[in-house]
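# Chains, contacts and geometry: an overview
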Amino acid sequence: MNALLLIDVQNDFVPGGALAVPKGDAIIAQLNELQPKFDLVVASQDWHPAGHRSFATTHPGHAAFTEIEWQGRPQMLWPDHCVQGSPGANLHAALNTDRVEAIFRKGTNPNIDSYSAFFDNGHLKATGLGAYLRGRRVTRVYVAGLAADYCVYFTAKDALAEGFEAVVLEDATRAISADGWQAAKKDLLDLGALVQTSHAGLREP
């Protein structure tokens with residue numbers, strides 16, 4: 001069985017949002033068209049408490065989009081985004097959620113970031129997504145959404161580590177950085193993921 005993972009299709013990640021991915025809203029219609037082709041559709045949602053330590057505003061003297069070490073791990077500092085209960089944290093209104101069976105929230109611990117829909121960045125706590133997919137007898141996940149070089153990349157990487165086949169639908173995602181996505185794409189391919197377009201056909205197990 002296959003599943004489509006819709007990663008962080010939220011207001012703050014599209015143009016006009018606090019942490020906009022260039023042309024992030026351009027994929028939404030495509031995501032809607034893809035959903036009926038899958039047995040299972042789930043979504044993730046960045047869901048940070050105010051004052052999250054990945055926010056540059058919580059580290060005086062450090063600007064957004066700079067990297068520091070925090071609690072022994074590298075941490076990119078971001079503008080405040082996807083704060084719990086804020087309009088920016090909402091899934092985009094144009095995204096059809098009728099077929100979305102579950103939403104997995106991440107980044108809720110104020111002290112550690114969470115790019116992957118499976119785990120926080122330290123792999124200290126699981127979101128429950130892996131167990132949910134196994135319970136539904138999913139063997140292959142197709143990953144789409146935002147952003148290609150961060151949350152899509154880490155979700156696909158963790159999917160492989162969790163024993164799922166992982167396919168990134170490259171045309172159904174957008175990156176913060178083109179160079180960042182090329183590096184992430186190479187890593188995923190080296191690890192055994194597939195990267196294809198949504199027009200290449202969706203293989204059954």
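The rules behind each value
Per chain, residue numbering runs from 1 following the sequence as it is written. For this predicted model, a pLDDT threshold of at least 70 governs which residues receive local features, and a threshold of 80 or more governs which side-chain atom pairs are given and counted, while totals over whole chains, interfaces and linings are taken from all residues. By convention in this description, side-chain values take in all heavy atoms of the structure and omit both hydrogens and water. UniProt positions are given in the numbering used here, feature names are shortened, and annotations may be inferred rather than shown by experiment. Using protein atoms alone on a 1 Å grid, points that fit a 1.4 Å probe yet trap it form a cavity, whereas open point sets bounded by protein on both sides within 12 Å along at least five of seven lines form a pocket; residues with an atom within 4 Å of a point count as lining. Grid points are joined across faces, edges and corners, and a volume is the space filled by probe spheres set on the points. What counts as a helix is a DSSP run of H or I of at least four residues, what counts as a strand is a run of E of at least two, and both are numbered from the N terminus. Fitted lines through C-alpha atoms give the axes, limited to the stretch in contact for helices. The angle between two N-to-C directions lies from 0 to 180 degrees. By definition in this entry, angles of less than 35 degrees are roughly parallel, angles greater than 145 are roughly antiparallel, angles of 65 to 115 are roughly perpendicular, and the rest are oblique. In what follows, residue pairs with any heavy atoms lying within 4.5 Å of each other are defined as contacts. Just so you know the grouping, Ala, Val, Leu, Ile, Met, Phe, Trp, Tyr, Cys and Pro go in nonpolar, Asp, Glu, Lys and Arg go in charged, and all remaining residues, Gly too, go in polar. Burial classes: relative accessible area under 20% of the type maximum marks a residue as buried, over 50% as exposed, and values in between as partly exposed (1.4 Å probe, protein chains only). A strand pair is defined by DSSP finding two or more bridges across the two strands. Look down the strands so they point away from you; if the path from the first strand over the helix to the second goes clockwise, the crossover is right-handed. As used here, the term nonpolar core means buried Ala, Val, Leu, Ile, Met, Phe, Trp, Tyr and Cys residues forming a set that is joined through side-chain atoms within 4.5 Å. Within this document, salt bridges are pairs made up of a side-chain nitrogen of Lys or Arg and a carboxyl oxygen of Asp or Glu, the two lying within 4 Å of each other.

If you look the protein chain up in an unreviewed UniProt entry, it shows as Nicotinamidase from Hymenobacter coccineus. According to the UniProt record, the Pathway (unreviewed entry) comment for the protein chain reads "Cofactor biosynthesis; nicotinate biosynthesis; nicotinate from nicotinamide: step 1/1." Check the Sequence similarities (unreviewed entry) section of the UniProt entry for the protein chain; it says "Belongs to the isochorismatase family."

Roughly 220 Å³ of internal volume is contained in the largest pocket. Along the walls of the largest pocket sit 14 residues, with Pro74, Gln75, Met76, Tyr115 and Asn121 positioned nearest its centre. Looking at the lining of the largest pocket, the elements with two or more residues in it are strand S3 (67-70), strand S4 (73-76) and helix H3 (148-161).

With numbering aligned to this structure, UniProt lists the feature "domain: Isochorismatase-like" (unreviewed entry) at residues 3-198. Along residues 3-198 the backbone is 21% helical and 24% strand, and the end-to-end C-alpha distance reaches 14 Å.

Now for the packing of H3 against helix H4 (residues 178-191). Two numbers describe how H3 lies on H4: the axes approach to 10 Å, and their chain directions differ by 10 degrees. The angle between the axes of H3 and H4 places the two elements in the roughly parallel class. Note on element contacts: H4 touches H3 through Gly180, Trp181, Ala184, Asp187, Leu188 and Leu191, opposite Ala148, Asp149, Tyr153, Ala156, Lys157 and Leu160. Here the residues of the contact of H3 with H4 sort into eight nonpolar, one polar and three charged.

In terms of burial, strand S2 (residues 40-46) is largely enclosed, as seven of its seven residues are buried. Neither face of S2 is exposed, since Leu40, Val42, Ser44 and Asp46 on one face and Val41, Ala43 and Gln45 on the opposite face are all buried. The pairing of strand S1 (residues 2-7) with S2 spans five bridges and is parallel. The residue bridging alanine 3 from the neighbouring strand is leucine 40, located in S2. Considered for its hand, the β-α-β crossover made up of S1, helix H1 (residues 28-34) and S2 is right-handed. In this structure, S2 lies alongside strand S5 (residues 100-106), joined through six bridges in parallel fashion. Opposite valine 41, over in S5, you have valine 100 as the bridge partner.

Leu4, Leu5, Leu31, Leu133 and Val141 are the most contacted members of the largest nonpolar core, which has 60 residues in total. In terms of residues, this core owes the most to one element, H3, which gives seven residues.

Below, the discussion takes up the sheet that holds strand S6 (residues 140-146). Spatial ordering of the open sheet is given by S5-S2-S1-S6-S7-S8, a layout of six strands whose pairing is parallel. Each edge of the open sheet is held by one strand with a lone partner, namely S5 and strand S8 (194-196). Here the strands of the sheet are splayed against their neighbours by 25 degrees on average, with no regard to which way each runs. In this structure, S1 lies alongside S6, joined through six bridges in parallel fashion.

Across all of its chains, the model carries one cavity of 30 Å³ or more by this definition. Of the volumes computed, that of the largest cavity is approximately 130 Å³. Along the walls of the largest cavity sit 16 residues, with Phe13, Leu19, His81, Tyr115 and Cys151 positioned nearest its centre. Among the residues making up the lining of the largest cavity, the classes are represented as ten nonpolar, three polar and three charged.

Inspection of every chain in the model, using the stated rule, returns eight salt bridges. Between aspartate 8 and lysine 106 there is a salt bridge, with its nearest N and O atoms 2.8 Å apart. Here the residue aspartate 8 occupies a position in the loop between S1 and H1, and lysine 106 occupies one in strand S5, the gap between them amounting to 98 residues. Note on aspartate 8: relative accessible area 0%, which makes it buried. Close ionic contact of lysine 106 with aspartate 46 constitutes a salt bridge, the shortest N to O distance being 3.1 Å. With lysine 106 in strand S5 and aspartate 46 in strand S2, the pair connects residues that are 60 residues apart, well separated along the chain. Since its relative accessible area comes to 1%, lysine 106 is described here as buried. Judged by relative accessible area, which is 3%, aspartate 46 ranks as buried. One network of salt bridges, with partners in common, ties together Asp8, Asp46 and Lys106.

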